[in-house]
Amino acid sequence: MYNKPINFIFPSPGMRLTVTTPVRQDYITVMKGFTEQLFMRLNPPFPPVKLLRFDGCKKGDVVSLELNFILFKQRWDSLIVESELNDREFYFIDEGKKLPFFLKYWHHHHRILKDGTHTRLVDDITFRSPFLLMDYLLYPVLWLQFWYRKPVYRKVFGTP
């Protein structure tokens, strides 16, 4: 009989979180509002973020950050791998290329959906950490970080 040792540190399949925010302005105006200034406003107070590069939200653009965790700093580089504008939505997808040590995979699908004369903003994130347990620990932290965006979006683009 083959006795293979049990590995208690399973690679994580990843977690998915989605946060939706309705706003007053039309989707084209909201799309045009996705600027470097908005990006900086969307970052919560901790960890402080230093923006190293912001090309924009179109395919091929790069966004680079430095996260300051007080005792150490972490680099985060994302590439916009896809973007599209049509009569129903504008979306772009960023994927992490250089991630902080606590992340192994990052896929963020930003959707700016036409909703009559208003817009629904959808942050649809799939992430993976080095360990399954860490995925579960990161989930509420990341959820709060993206929930933080809701009042910012509403302040910038209006509450429907």
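Further up the page is the structure itself.
The shown structure was predicted, so the numbers you read here are calculated from the model rather than taken from an experiment.

So, how was this worked out
- Residues numbered from 1 in each chain as written.
- Predicted model: local features only at pLDDT ≥ 70, side-chain atom pairs only at ≥ 80, totals over all residues.
- Heavy atoms only, no water.
- Helix = DSSP H or I, 4+ residues; strand = E, 2+ residues; numbered from the N terminus.
- Buried < 20%, exposed > 50% of the residue type's maximum accessible area, 1.4 Å probe, protein only.
- Pairing = 2+ DSSP bridges.
- Phe/Tyr/Trp six-rings, centres within 6.5 Å; stacked < 30°, edge-to-face > 60°.
- Lys NZ or Arg CZ within 6 Å of the ring centre and 35° of its normal.
- Axes fitted to C-alpha atoms, helices over the stretch in contact; angles between N-to-C directions.
- Contact = heavy atoms within 4.5 Å.

Colleague: Would you mind showing me how to read the overall build of the protein chain here?
Modeller: Counting its secondary structure elements, the protein chain contains four helices and seven strands. Reading the helices (α) and strands (β) of the protein chain from amino to carboxyl end gives β-α-α-β-β-β-β-β-β-α-α. If one aligns the C-alpha atoms of the protein chain with their principal axes, the spans along those axes are about 65 × 40 × 30 Å. Residues classed as buried in the protein chain amount to 44% of the 160 residues present.

Colleague: For this particular structure, what's the right way to read the pairing of strand 1 (residues 15-23)?
Modeller: Look at any regular strand and the pattern is simple: side chains alternate between the two faces of the sheet. Burial along strand 1 is one-sided: M15, L17, V19, T21 and V23 are buried, and none of R16, T18, T20 and P22, which face the opposite way, are. In this structure, strand 1 lies alongside strand 7 (residues 118-128), joined through nine bridges in antiparallel fashion. Within strand 7, the position partnered with T20 by the bridge is V122.

Colleague: Where do I start with the packing of aromatic side chains in this structure?
Modeller: The description of two aromatic rings rests on the distance between their centres and on the angle between their planes. This structure, assessed with the given rule, holds 13 aromatic pairs. For the ring pair W76 and W106, a centre distance of 4.9 Å and an interplane angle of 85 degrees mean the geometry is edge-to-face. With W76 in strand 4 (residues 73-85) and W106 in strand 6 (residues 105-115), this residue pair connects regions lying 30 residues apart in the sequence. Each member of the pair, W76 together with W106, is buried. An aromatic cluster is built from F34, F90, F92, Y153 and F157, whose rings are joined through pairwise contacts. Positioned above the aromatic ring of W147 is the side chain of K150, whose terminal nitrogen or guanidinium carbon lies 4.6 Å from the ring centre.

Colleague: Explain the sheet that holds strand 4 here, please?
Modeller: Consider a sheet: its strands pair through backbone hydrogen bonds, and that pairing is either parallel or antiparallel. Ordered by their spatial adjacency, seven strands build an open sheet running 1-7-6-5-4-3-2, and the pairing between neighbours is antiparallel. The sheet terminates laterally at strand 1 and strand 2 (49-54), the two strands that pair on one side only. The mean angle between the axes of side-by-side strands here comes to 20 degrees, regardless of whether they run parallel or antiparallel. The pairing of strand 4 with strand 5 (residues 89-98) spans eight bridges and is classified as antiparallel. Considered in strand 5, the bridge of L85 is made with F90. Here helix 3 (residues 132-147) sits on the sheet and contacts strand 1, strand 6 and strand 7; the angle it forms with strand 1, its principal contact strand, is near 10 degrees. Relative to the sheet, helix 4 (residues 149-157) contacts strand 1, strand 6 and strand 7, its axis offset from that of strand 1 by approximately 25 degrees.

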